[in-house]
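Fold and geometry: a report
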Amino acid sequence: MKELLQPLLDWYLESLKSGGYPLVALLMAIESSLVPLPSEFVIPPAAHLGWTEGIGFLGVHLAGWPAQIGLVVAGTVGSWLGATAMYWVSRLAGRPLIMRYGKYVFIPPAKVEGAERWAANYGAFGIFASRLLPVVRHLIGIPAGIVRMSYLSFSLYTILGSALWCGVLCWLGINV
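Keep in mind that this is a model prediction, so the values were computed, not measured. (Residues numbered from 1 in each chain as written. Predicted model: local features only at pLDDT ≥ 70, side-chain atom pairs only at ≥ 80, totals over all residues. Heavy atoms only, no water.)

1. Some points on the overall build of the chain
Of the regular secondary structure elements, the chain holds 6 helices and 2 strands. From first element to last, N terminus to C terminus, the chain shows the α and β order α-α-β-β-α-α-α-α. Its C-alpha atoms give the chain a radius of gyration of 17 Å, near enough to 16 Å, the size a compact globule of 176 residues would have. In the chain, buried positions account for 43% of the 176 residues. In the chain, 72% of the contacts between residues at least 6 apart in sequence involve partners at least 24 apart. Counting only carbon and sulfur atoms, one obtains 74% of the accessible surface of the chain, whose full area is about 9,400 Å². The positive charge centre, built from 11 side chains, and the negative charge centre, built from 8, are 15 Å apart in the chain. (Helix = DSSP H or I, 4+ residues; strand = E, 2+ residues; numbered from the N terminus. Rg over C-alpha atoms; globule rule 2.2 N^0.38 Å. Buried < 20%, exposed > 50% of the residue type's maximum accessible area, 1.4 Å probe, protein only. Contact = heavy atoms within 4.5 Å. Areas by Shrake-Rupley, 256 points an atom, 1.4 Å probe, with all protein chains shown as cover. Lys, Arg positive; Asp, Glu negative; His and termini not counted. Charge placed at Lys NZ, Arg CZ, Asp CG, Glu CD.)

2. Some points on the nonpolar core
In terms of nonpolar packing, the biggest core is built from 22 residues, with Y12, L16, V24, V42, I43 and L71 touching the most fellow members. Elements with a minimum of two residues in this core: α1 (2-31), α2 (43-52), α3 (65-101) and α6 (151-175). Top contributing element to this core by residue count: α1, with 8 residues. The residues touching Y12, leaving out its near neighbours within four places in the chain, are L23, V24, L27, F41, V42, I43, P45 and A46. (Core = buried A, V, L, I, M, F, W, Y, C linked by side-chain atoms within 4.5 Å.)

And the structure:
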């Protein structure tokens, strides 16, 4: 398994050294969509590299705390962009599309109905809390869009929850 993943990890770490923040934002946007790319594979290695060697961006090399702040910002922006895409697709395409075709991307009708009840019950705070839960965090834009939650509230709580999550992952990348 190590032989399979090592080239990917080497590419990722080398890419982070030269232009890491856009890459982190892109990967976190992917993570906040339907693609199963865990944020735990994106932020902690970047945080460790940023702490030990630094991360370059636009000709500036940041290390230590400035690199960590940059990673939290990049991760948060990426998470918000991915979640926003999910929100708007769900809001515009609506419930019928997801109920009909969701099963092909591992979203059965029962999960949609449960998520709708949950989003209607917990509202904006539910968005914040869900951004801190692995697995749930990347799909929360779907029920929020379906129940037509205020985009401003959705964005605010997504940004707050994502920033906190990225901060925790940075801490883990430095300390574990």
